Every structure is written in C-alpha cells, then in structure tokens.
There are 2 protein chains.
Amino acid sequence: MSSHILDQTDRDIISLLQQDARLSSKEIAAKLRKRPTTIFARFNKLKALGYLKGSIMLIDREKVGMLMAVFINIQLNDHHAEALYEFQRDIKAYSEVMECYHTTGQVDFVIKVVVQDMLAYKDFLVQNLSKMQNVKAYTSHFVINEIKRELAYPLDNLV
Amino acid sequence: MSSHILDQTDRDIISLLQQDARLSSKEIAAKLRKRPTTIFARFNKLKALGYLKGSIMLIDREKVGMLMAVFINIQLNDHHAEALYEFQRDIKAYSEVMECYHTTGQVDFVIKVVVQDMLAYKDFLVQNLSKMQNVKAYTSHFVINEIKRELAYPLDNLV
DNA sequence: ACTGAAAATTCTCTGGC
DNA sequence: GCCAGAGAATTTTCAGT
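Residues numbered from 1 in each chain as written. Chains lettered and ligands numbered in written order. Predicted model: local features only at pLDDT ≥ 70, side-chain atom pairs only at ≥ 80, totals over all residues. Heavy atoms only, no water.

Q: Mind showing me how you'd approach the overall build of chain A here?
A: When helices and strands are counted, chain A shows five helices and five strands. Put simply, chain A runs from its N terminus to its C terminus through helices and strands in the order α-α-α-β-β-α-β-β-α-β. The C-alpha radius of gyration computed for chain A amounts to 21 Å, which surpasses the reference 15 Å derived for 159 residues by more than 25%, pointing to a less compact arrangement than a globule. Its C-alpha atoms give chain A principal-axis dimensions of about 55 × 40 × 25 Å. Counting every position in chain A, which comprises 159 residues, the buried fraction comes to 47%. The long-range fraction of contacts in chain A, counting pairs at least 24 apart against all pairs at least 6 apart in sequence, stands at 65%. (Helix = DSSP H or I, 4+ residues; strand = E, 2+ residues; numbered from the N terminus. Rg over C-alpha atoms; globule rule 2.2 N^0.38 Å. Buried < 20%, exposed > 50% of the residue type's maximum accessible area, 1.4 Å probe, protein only. Contact = heavy atoms within 4.5 Å.)

Shown next as structure tokens:
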C-alpha cells in the first residue's frame with residue numbers, strides 16, 4: 001500500500017469488512033493468509049485515508065416496528081441555488097427521511113421514508129412534506145417487497 | 001428482556017450498534033452504565049432473536065471508484081405471479097443492482113444501480129436490462145448529489 | 001437477568017527486517 | 001511494507017445470586 005492506490009490485499013480487506021464489520025484482524029489475516037499485525041496496520045491506514053467510513057449493525061426493520069418504507073419522487077417549483085439549498089437542509093432534518101438524493105430526470109429528488117405505519121406516514125405527508133413551500137408535486141411508491149438490499153460494493157475489477 | 005419485547009436497554013444497545021457496529025461490550029456498558037457481561041448477554045440474545053442481522057463497514061463509494069449511482073423505475077408488461085417471480089430472480093442476480101424494491105404506484109419496481117462510470121452503466125442497460133423480456137419501460141434518475149443516507153432506524157418511541 | 005472472577009483471545013505498541 | 005514478541009485490554013465462559 002504505497003500511497004492512495006489500493007492493491008489486492010487492500011481490496012480484499014475492504015471486501016471482507018463490507019461483509020462483516022466486526023471481523024478481527026486475526027480473522028481477516030487467516031482468510032488472506034497474512035499476519036494479524038499486517039492486517040492491523042493496513043486497517044488503520046485504510047481508515048486514516050478515508051476509505052472506511054464507519055460501521056453499522058444492520059437490524060430487522062420490520063421486527064423493530066418500522067413496518068413502512070416508501071420512495072417518494074419530488075418535483076420542486078424553484079430550482080435556483082438558494083431554494084435548492086433550503087429544500088435540502090429542511091428535508092434532511094426529518095428523522096423519517098432516511099435517504100435523499102438529488103437526481104436528474106423528470107424528478108428532482110428521490111427520498112426514502114421509513115416509518116412505523118400508515119398513520120405515521122400520513123402525519124409525515126400532511127404535517128411536513130405538504131407544508132414545504134417549494135414542493136410542486138410528489139408521488140409515493142410504497143415498498144411491498146424488498147427483493148434485494150446489498151450495501152457492499154463489488155470491488156473486483158476496480159481502483 | 002423477558003421474551004420478544006424490547007426494553008429500553010435493548011433499544012439503547014441497538015441504537016448504539018446502529019451507529020457503530022464495532023463497539024465493544026465494555027464501551028456500550030460504559031455509555032449505558034451497565035456491566036460489560038450484561039451487555040454481552042443481551043447482545044447475544046438480540047442476535048439469537050434475529051434483531052441484529054450482521055454488520056457492515058461503510059466505505060467511500062466514490063473513492064473506491066464507484067462513481068455512478070442511478071435509481072431506475074421499472075414497469076413490467078406481465079404482472080402474473082410467475083412473470084413477477086422470474087423478473088425478481090433475474091434482476092437480483094446482477095451485481096450492479098444493489099437494491100430492488102417491489103412498489104405500489106405507477107412504477108412496479110424501484111432499483112438502485114451502482115457502477116464505475118457511464119460506460120459501465122450503458123453496458124448494464126444495453127446488455128442486461130434492455131434484454132429482459134418483461135420490462136415494458138424504465139426511466140433512469142442519476143444521482144448528482146447524496147443529501148442524506150442514514151441507515152440507522154430511529155427507535156425512540158417504538159416496539 | 002445481573003454479577004464477579006478467571007481463562008482464552010485479541011489488540012496495540014515497539015523494534016527489527 | 002512486513003513480521004515477531006509481549007504487555008494491556010477485551011472477549012467469553014461459568015458458577016452464584
């Protein structure tokens with residue numbers, strides 16, 4: 001690992017950690033046929049260089065009572081810089097809004113909202129989204145089945 | 001933690017682990033003013049009961065060369081059970097498709113595709129998506145800015 | 001469910017290659 | 001950049017309350 005170019009070992013470590021963030025240096029070392037201290041040093045470097053941005057425990061969304069996930073496509077009235085900034089700042093503040101992306105196409109923003117139930121969703125729409133001045137139109141797409149949700153990027157022919 | 005009802009400590013542990021999956025029992029114990037072994041026992045139970053579904057290390061998507069994220073809304077021709085099942089099985093198999101949701105509304109499926117660059121995206125469309133018989137229409141929404149991507153569910157007034 | 005102590009394992013630092 | 005050794009810290013088990 002000379003500077004900012006990842007070699008195969010770096011990619012292997014990242015790939016393994018994307019599958020299980022709690023792997024120990026020893027466990028990674030065993031899989032890659034290296035020494036634990038070597039893995040430890042690379043892990044620290046990957047973290048220092050900003051490749052690794054923290055780890056999270058994935059939990060069963062429905063089991064903890066967050067039964068409803070919704071994708072909402074949003075169109076704005078005013079697309080000037082200041083108006084865009086304000087919308088982003090405000091939408092980001094809602095805890096129901098888990099994800100928000102500025103996109104190209106017919107739609108300006110794609111957001112993912114996760115709430116307990118339809119009542120909570122209605123509250124979000126009526127009390128929050130509908131009151132945002134710059135929102136021209138939105139369409140809700142309720143998730144009825146999660147076919148795939150892979151959060152680990154494939155790093156095979158890369159970097 | 002009697003059986004399947006989460007108490008405040010359980011929710012606290014889950015919340016902390018959603019922020020950092022690598023927290024040790026000792027670290028969690030210190031934050032919650034409990035003993036490490038108590039946290040350890042609860043951690044094992046939460047895992048055994050299926051609340052915790054594994055951990056992942058988050059990495060800098062653009063830094064590792066995955067420069068392009070796209071949401072694609074897909075409409076199908078045939079909505080019968082067998083056709084739906086086949087579509088889901090096939091779309092799931094593509095490594096470029098990170099997420100796929102069956103949704104209500106004008107759109108049948110929302111998928112998130114992550115690739116290196118526009119060339120890789122073109123290849124995915126031309127060689128894969130366009131060749132799926134049951135796909136009637138699709139619209140691409142390129143992510144030009146990620147405003148928010150929160151993966152930890154808020155468990156405050158819940159369960 | 002929680003505690004406390006002990007054993008096994010891992011982390012983390014230092015120095016040498 | 002890799003490896004080895006050793007002390008410190010942690011994980012994990014287990015018996016007791």
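From this point, things continue past the structure.
Q: When you look at the sheet that holds strand 4 (residues 109-115) of chain B in this model, what are you seeing that I'm missing?
A: Hydrogen bonds between backbone atoms are what pair the strands of a sheet, whose relative direction is either parallel or antiparallel. The eight strands are arranged 2(A)-4(A)-3(A)-5(B)-2(B)-4(B)-3(B)-5(A) in a closed barrel whose pairing can be described as antiparallel. On average, adjacent strands in this sheet sit at an angle of 35° to one another, irrespective of strand direction. One ladder, built from seven bridges, connects strand 2 (residues 68-76) of chain A with strand 5 (residues 135-149) of chain A; its direction is antiparallel. The partner of F71 of chain A across the bridge, within strand 5 of chain A, is H141 of chain A. (Pairing = 2+ DSSP bridges. Axes fitted to C-alpha atoms, helices over the stretch in contact; angles between N-to-C directions.)

Q: Before we go on, may I ask you to explain a positive patch on the surface in this structure?
A: Where like charges cluster on the molecular surface, the positive patch consists of R22 and K47 of chain A together with R22 and K47 of chain B. Among the structural elements, R22 of chain A can be located in the loop between helix 1 (8-19) and helix 2 (25-32). We classify R22 of chain A as partly exposed; its relative accessible area is 35%. (Patch = residues over 30% accessible without salt bridge, like charges linked within 9 Å, V, L, I, M, F, W, Y side chains within 5 Å. Areas by Shrake-Rupley, 256 points an atom, 1.4 Å probe, with all protein chains shown as cover. Salt bridge = Lys/Arg side-chain N within 4 Å of Asp/Glu carboxyl O. Lys, Arg positive; Asp, Glu negative; His and termini not counted. Charge placed at Lys NZ, Arg CZ, Asp CG, Glu CD.)

Q: What am I meant to see in the nonpolar core here?
A: Buried together is how nonpolar side chains tend to be arranged in soluble globular proteins. Core analysis: the largest hydrophobic core is formed by 59 residues, its most contacted members being I14, L17 and L52 of chain A together with I14, L17, I28 and L52 of chain B. Apart from residues no more than four positions distant in its own chain, I14 of chain B is found in contact with I59 of chain A together with L6, L46, Y51, L52 and L155 of chain B. (Core = buried A, V, L, I, M, F, W, Y, C linked by side-chain atoms within 4.5 Å.)

Q: Can you help me understand the relation of the copies chain A and chain B in this one?
A: Think of it as a corkscrew move, a rotation about one axis and a shift along it, taking one chain copy to the other. For the match of chain A to chain B, the screw axis carries a shift of 0.0 Å, the RMSD comes to 0.0 Å, and the turn is 180°. One copy is carried onto the other by what is essentially a two-fold rotation axis. Mapped onto chain B, 100% of the interface residues of chain A again fall at the interface, so both copies present the same surface. (Least-squares fit on C-alpha atoms with pLDDT ≥ 70 in both.)

Q: Can you walk me through the interface of chain A and chain B in this structure?
A: Many authors give the size of an interface as the accessible area that is lost as the parts come together. Each partner contributes to the interface: chain A provides 68 residues, whereas chain B provides 68 residues. On inspection of chain A and its partner chain B, the count reaches zero salt bridges. If you look at where chain A meets chain B, you find 43 residue pairs in polar contact (both at pLDDT 80 or more). Mapped onto the side of chain A that touches chain B, the elements with two or more residues apiece are helix 1, strand 1 (52-59), strand 2, helix 4 (81-93), strand 3 (97-103), strand 4 (109-115) and strand 5 of chain A. In terms of residue count, strand 5 of chain A provides more of the side of chain A that touches chain B than any other element does, ten residues in total. (Polar contact = N/O pair within 3.5 Å; in protein donor to acceptor, adjacent residues only side chain to side chain.)

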